[in-house]
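# Reading the structure
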Amino acid sequence: MRRRLLALVCVSASLLSGCGLISDSAAERRTVTVWLMQHSASQDFLDRFTEEFESEHDGIDLDIRIQEWTGIGEKVQQALRGRDADGPDVIEVGNTQVSAYAEGDRLLDLTLESMRDWGRDDWLPGLAEPGRWGSQQYGIPWYAANRVVVYRKDLFRAAGVTAPPETRDEWLEITEQLDTGRTQGIYLAGQDWYTLAGFIWEEGGELATERDGVWRGTLDSPAALRGMDFYRRLQKLGDGPADADEEHPPQAGVFAEGRVAQIVAVPGLVPTIVKQNPELADLIGYFPVPGKKAGRPGAVFTGGSDLVVPANTDAEDAAVEVVAALTGARWNTELARTMNYVPNKAGLAESVAGEEGLEAMAAGAARGRATPATPRWSVVEADNPIKEYMTKVLTGADPAEEAGRAARRVTDTLAFD
């Protein structure tokens, strides 16, 4: 109905302008304010996109404003609660944040456009699934990034390993071969819960499940326990601390020291490694996190961004046009090539062909997942009983007992007040 009314207004405005009562520019031009996050796209990309989009869409001007991640959650919530004349019409949000913003009908429902025009069934699941709230699609996948195995080619050769592993069992065997002398087979921090999540999903488990509107933690399921057991077996083939995550200390620095054969990280971490140790520049390789079966990468957590349209926008149709362009094949592949991202559809992965790290990431992204689609998951992450659970298991506590305790804490946290 809103769009029909808008169309009538536009028609009326056109008639008035034809009679000389109002100007063409006043009747037709719309400014779409777009909030994008810092470092998500280069200025050159944004300049090229703006110039081409405006040339192809008469009457639409783009006002792209770069935002910082720090404090962005409350800033977005404020923009969604009340319409400011200077407020955003399109917003980039983290893929796992969509449900928190969709509550209260504060985002435009883009289900129709997604299914009819944008190929929703082809999107990477790790971006598409968290963009849904209920059965409606509010977040439109823009770009993705996920963890792969970053490894030392020279250390693999020295250990007699001629090719990356194709299965998790092979991965364990190879890592054990590499874990000799002063070399760590793998550096895996004890609280790297995003990597654990992938192992749990690969076993068919979940971090939490929803039934009849009620969420409960499921770290104590048999499948989730198998995922934790694999993590334990892999983690002990190195000297990663049991009581810290991958940023304490930063694993890039640990890998740069030269005595680690593998880490699990996004390829974008490698420039930091090479900056600290330039001698590693030509020695680093990549492969997708292996799955249980050969020929199929393991499940991984997919991070990245979706684009949303606030329900209170006064430029609805124009905002939708901007989202369609940014997430469509033309500009999505251009962004992937420019910023070393994974495109939003598996079928577009060929756009990053030839770059080893991106190819590995794109292969893994096809089996990417996201955290549970509940607004309160951010509260779980803030307290994060998963990290404590992991440390206890890695230091000898009973896995089933600790998993049950952590699952109950997740359930309590996910309960709505």
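Our structure's up above, just so we're on the same page.
Predicted, not measured: the structure shown is a model, and the values here were computed from it.

On to the nonpolar core. One finds Trp171, Leu219 and Trp377 to be the most contacted residues of the largest nonpolar core, which totals 46 residues. The dominant element in this core, judged by the number of residues it contributes, is helix α10 (residues 193-202), at six residues. Not counting chain neighbours up to four residues away, the residues in contact with Leu219 comprise Ile200, Glu206, Leu207, Ala224, Leu225, Ile386, Tyr389, Ala403, Ala406, Ala407 and Val410. Leu307, Ala318, Val320 and Tyr341 belong to the second largest nonpolar core, which has 32 residues in total.

This part takes up helix α14 (residues 316-327). Taking 1.5 Å per residue as the helical rise, α14 with its twelve residues ought to reach 16 Å, and the 17 Å between its terminal C-alpha atoms agrees with that figure. Across the twelve residues of α14, nine count as buried, placing the element largely inside the fold. When we look at burial in α14, the residues that qualify are Glu316, Ala318, Ala319, Val320, Val322, Val323, Ala325, Leu326 and Thr327.

On to the pattern of salt bridges. Scanning the model with the defined rule gives 28 salt bridges in all. The partner of Arg296 in a salt bridge is Glu202, with the nearest N and O atoms 3.7 Å apart. A residue pair is termed long-range when its members are at least 10 positions apart, and Arg296 in the loop between β11 (284-287) and β12 (300-308) and Glu202 in helix α10 qualify at 94 residues. Linked by salt bridges that have partners in common, Asp383, Glu388, Lys392, Glu401, Glu402, Arg405 and Arg409 make up one network.

This next bit is on the packing of helix α11 (residues 222-235) against helix α18 (residues 385-394). Remark: α11 packs on α18, axes separated minimally by 11 Å, with the N-to-C direction vectors making an angle of 60°. Classified by the angle between their axes, α11 and α18 sit oblique to one another. For the element pair α11 and α18, the recorded crossing hand is right-handed. Contact with α11, carried on its side by Leu225, Met228, Tyr231, Arg232 and Gln235, involves Tyr389, Met390, Val393 and Leu394 of α18 and no other residues of that element. Residues belonging to the contact of α11 with α18 are distributed by class as follows: seven nonpolar, one polar and one charged.

Taken as a whole, the largest pocket spans an internal volume of roughly 1200 Å³. Along the wall of the largest pocket there are 44 residues; nearest its centre are Ala145, Val266, Phe301, Gly303 and Gly304. The leading source of residues in the lining of the largest pocket is β12, at four residues. Its residues assigned to classes, the lining of the largest pocket comprises 20 nonpolar, 19 polar and five charged. Lining the second largest pocket are 20 residues, and of these Trp215, Thr371, Pro372, Ala373 and Thr374 lie nearest its centre. The set of elements that each furnish at least two residues to the lining of the second largest pocket consists of β4 (132-133) and β8 (208-211). Here the lining of the second largest pocket takes three residues from β8, the largest share from any one element. Along the lines of polarity and charge, the residues of the lining of the second largest pocket split into ten nonpolar, five polar and five charged.

Turning our eyes to something else, we now look at the packing of helix α3 (residues 43-56) against α14. Put simply, α3 and α14 touch, their axes get as near as 12 Å, and they point 125° apart. Looking at the two axes, α3 sits oblique to α14. Two packed elements cross with a definite hand, and for α3 against α14 that hand is right-handed. The residues of α14 that touch α3, namely those facing Phe45, Phe49 and Phe53, are Glu321, Val322, Ala325 and Leu326. Here the residues of the contact of α3 with α14 are counted per class, giving six nonpolar, no polar and one charged.

Looking now at the packing of aromatic side chains. Applying the stated rule across the entire model yields 15 aromatic pairs. Considering the side-chain rings of Phe49 and Trp331, the 5.3 Å spacing of their centres and the 90° angle between planes classify their relative orientation as edge-to-face. Of this pair, Phe49 sits in helix α3 while Trp331 sits in helix α15 (residues 329-339), and the two are 282 residues apart along the sequence. Each member of the aromatic cluster is reached from another via a ring pair, and the members are Phe45, Phe49, Phe53 and Trp331.

The next point concerns helix α9 (residues 168-178). Along α9, the positions that sit buried rather than exposed are Arg168, Trp171, Leu172, Ile174, Thr175 and Leu178. Check the buried side of α9 and you find it contacts β7 (148-152), α8 (153-158), α10, α11, β10 (262-265) and β11.

The next point concerns the pairing of strand β2 (residues 60-67). Bridging between strand β1 (residues 30-37) and β2 involves eight bridges; their strand directions are parallel. Each bridged residue has a counterpart across the sheet, and for Arg30 the counterpart in β2 is Ile60. Regarding topology, α3 serves as the crossover connection from β1 to the parallel β2, and that connection is right-handed.

About the cut-offs
- Residues numbered from 1 in each chain as written.
- Predicted model: local features only at pLDDT ≥ 70, side-chain atom pairs only at ≥ 80, totals over all residues.
- Heavy atoms only, no water.
- Core = buried A, V, L, I, M, F, W, Y, C linked by side-chain atoms within 4.5 Å.
- Buried < 20%, exposed > 50% of the residue type's maximum accessible area, 1.4 Å probe, protein only.
- Helix = DSSP H or I, 4+ residues; strand = E, 2+ residues; numbered from the N terminus.
- Contact = heavy atoms within 4.5 Å.
- Expected span 1.5 Å × (residues − 1).
- Salt bridge = Lys/Arg side-chain N within 4 Å of Asp/Glu carboxyl O.
- Axes fitted to C-alpha atoms, helices over the stretch in contact; angles between N-to-C directions.
- Parallel < 35°, antiparallel > 145°, perpendicular 65-115°, else oblique.
- Left-handed = near helix turned anticlockwise from the far one by under 90°.
- Nonpolar A, V, L, I, M, F, W, Y, C, P; charged D, E, K, R; others polar.
- 1 Å grid on protein atoms, 1.4 Å probe; cavity = no way out; pocket = protein on both sides within 12 Å on 5 of 7 lines; lining within 4 Å.
- Points joined across faces, edges and corners; volume = space filled by probe spheres on them.
- Phe/Tyr/Trp six-rings, centres within 6.5 Å; stacked < 30°, edge-to-face > 60°.
- Pairing = 2+ DSSP bridges.
- Right-handed = clockwise from strand over helix to strand, strands pointing away.

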